[in-house]
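Observations on the three-dimensional arrangement
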Amino acid sequence: MIELIPAIDIINGQCVRLTKGDYDQKKVYHDNPVDVAKDFEQMGFSRLHIVDLDGAKSKHIVNCKVLRGITTETSLIVDFGGGIKTAEDIEKAFDAGAQMVTVGSVAVTRPELFIEWLGKYGAEKMILGADVRNGMISINGWKEDSSEHLLPFLRKYIDAGVKNVLCTEISKDGTLQGPAVSLYKQVMESYPELHLIASGGVSCQEDIEELQREGIPAVVFGKAIYEGRIDLKKLLKKMAG
């Protein structure tokens with residue numbers, strides 16, 4: 001069964017969604033992300049993906065208090081990303097209750113540091129963030145494109161021990177136009193050993209079912225939830241059955 005991971009993106013302590021990573025296309029869905037996380041847990045989810053969008057922009061963790069509130073008041077397994085640039089940021093996230101951290105930009109700009117973290121914290125606690133635009137890795141809150149091509153970028157880190165990859169197709173993110181299934185299939189065909197987490201574009205339950213049929217191990221989705229396009233109880237029941 002595909003692993004279902006709802007997402008909470010945070011700006012100014014609020015639950016928001018962007019479109020294609022554009023901070024000018026922000027929509028606030030809830031003033032209290034902790035309440036949103038509690039709802040997810042009550043429905044039957046066990047995982048949660050949190051993105052500190054303020055952190056991604058500021059290049060250091062900003063919404064640690066919200067993270068701590070969620071991990072204190074729920075039993076969800078939380079992975080946390082956004083603004084993790086130093087070991088101090090990682091320690092803050094773990095101290096606030098995150099079980100895993102997602103790191104993207106550092107893996108591009110300082111590969112030796114990412115590999116050091118991978119050795120120090122372990123592959124089970126580190127998720128490589130691979131945010132893709134036009135086949136290239138994008139960094140720093142998707143504001144900058146790197147010269148790294150996706151598949152060679154992943155190969156380098158799989159060889160270094162990476163097991164978990166969160167891959168977001170930026171052109172799809174927040175658009176509700178369907179996920180980049182062909183991209184994820186390409187990744188899985190190249191690296192079947194990966195625990196690939198697909199992200200971006202999910203618009204309905206059928207999109208998730210298609211990802212499952214194609215053998216994608218996990219999916220992160222958010223906007224479709226907040227826009228009422230997915231009946232979460234129905235989805236959980238279907239996937240459990």
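The coordinates are above.
Residues numbered from 1 in each chain as written. Predicted model: local features only at pLDDT ≥ 70, side-chain atom pairs only at ≥ 80, totals over all residues. Heavy atoms only, no water.

For the rest of this paragraph, the subject is the pattern of salt bridges. One pass over the structure, following the stated rule, counts 13 salt bridges. Between Glu148 and Lys156 there is a salt bridge, and its shortest N-O distance comes to 3.1 Å. With a closest N to O distance of 2.8 Å, Glu209 and Lys238 form a salt bridge. Placement of Glu209 in helix α9 (residues 205-213) and of Lys238 in helix α11 (residues 232-240) is noted, with a sequence separation of 29 residues between them. Taking relative accessible area as the criterion, Glu209 reaches 14% and is therefore assigned buried. (Salt bridge = Lys/Arg side-chain N within 4 Å of Asp/Glu carboxyl O. Helix = DSSP H or I, 4+ residues; strand = E, 2+ residues; numbered from the N terminus. Buried < 20%, exposed > 50% of the residue type's maximum accessible area, 1.4 Å probe, protein only.)

Here we take up the pairing of strand β6 (residues 100-103). Regular strands have side chains that alternate between both faces of the sheet. Every second residue of β6 is oriented toward a common face, with Met100 and Thr102 on one face and Val101 and Val103 on the other, all of them buried. Sheet topology note: the strand β5 (residues 77-81)/β6 ladder contains three bridges and is parallel. Bridge pairing links Gly81 to Thr102 in β6. For the crossover from β5 across helix α4 (residues 87-95) to β6, the handedness is right-handed. One ladder, built from three bridges, connects β6 with strand β7 (residues 126-133); its direction is parallel. Bridge assignment links Thr102 to a residue of β7, and that residue is Ile127. (Pairing = 2+ DSSP bridges. Right-handed = clockwise from strand over helix to strand, strands pointing away.)

Now for the packing of α4 against helix α6 (residues 111-121). Interhelical geometry of α4 versus α6 gives an angle of 35° and a closest axis separation of 11 Å. In the packing of α4 onto α6, the handedness of the crossing is right-handed. Every residue of α6 that contacts α4 at Ala87, Ile90, Glu91 and Phe94 is listed here: Trp117, Lys120 and Tyr121. Of the residues assigned to the contact of α4 with α6, the class counts are five nonpolar, no polar and two charged. (Axes fitted to C-alpha atoms, helices over the stretch in contact; angles between N-to-C directions. Left-handed = near helix turned anticlockwise from the far one by under 90°. Contact = heavy atoms within 4.5 Å. Nonpolar A, V, L, I, M, F, W, Y, C, P; charged D, E, K, R; others polar.)

Per the counting criterion, the structure on display carries seven aromatic pairs. Between Phe40 and Phe45 the ring centres are 5.9 Å apart and the planes differ by 80°, which places this aromatic pair in the edge-to-face class. With a centroid separation of 5.4 Å and 75° between ring planes, the pair formed by Phe153 and Tyr157 is classed as edge-to-face. Residue Phe153 and its partner Tyr157 are located together in helix α7 (residues 150-159), separated by four residues, close to a single helical turn. In this structure Phe153 comes out as buried when scored by relative accessible area, which is 0%. An aromatic cluster is present here, built from Tyr29, Phe40, Phe45, Phe221 and Tyr226 joined pairwise through their rings. The ring of Phe94 has Lys125 sitting right over it, with the charged end atom 4.9 Å from the ring centre. (Phe/Tyr/Trp six-rings, centres within 6.5 Å; stacked < 30°, edge-to-face > 60°. Lys NZ or Arg CZ within 6 Å of the ring centre and 35° of its normal.)

Counting along an α-helix, one turn takes 3.6 residues, and residues three or four places apart therefore face a common direction. All of the buried residues in α6 are Leu113, Phe114, Trp117, Leu118 and Tyr121. Each buried residue of α6 lies within a common arc of 145° when the element is viewed along its axis, so the set occupies one face. Those residues of α6 that are exposed and angled more than 90 degrees off the buried face are Glu116 and Gly119. Looking at the buried positions of α6, the neighbouring elements they touch are α4, β6, α5 (105-109), β7 and α7. Of the residues flanking the end of α6, it is Gly122, one or two places downstream, whose phi is positive at about 95°. (Arc of directions from axis to C-beta.)

Take the side chain of Glu169 next. Positionally, Glu169 belongs in strand β10 (residues 164-169). A polar atom in the side chain of Glu169 sits 2.8 Å from the side chain of Ser171. When near neighbours in sequence (up to four residues on either side) are disregarded, Glu169 contacts Val132, Arg133, Ala180, Leu183, Tyr184 and Ser199. (Polar contact = N/O pair within 3.5 Å; in protein donor to acceptor, adjacent residues only side chain to side chain.)

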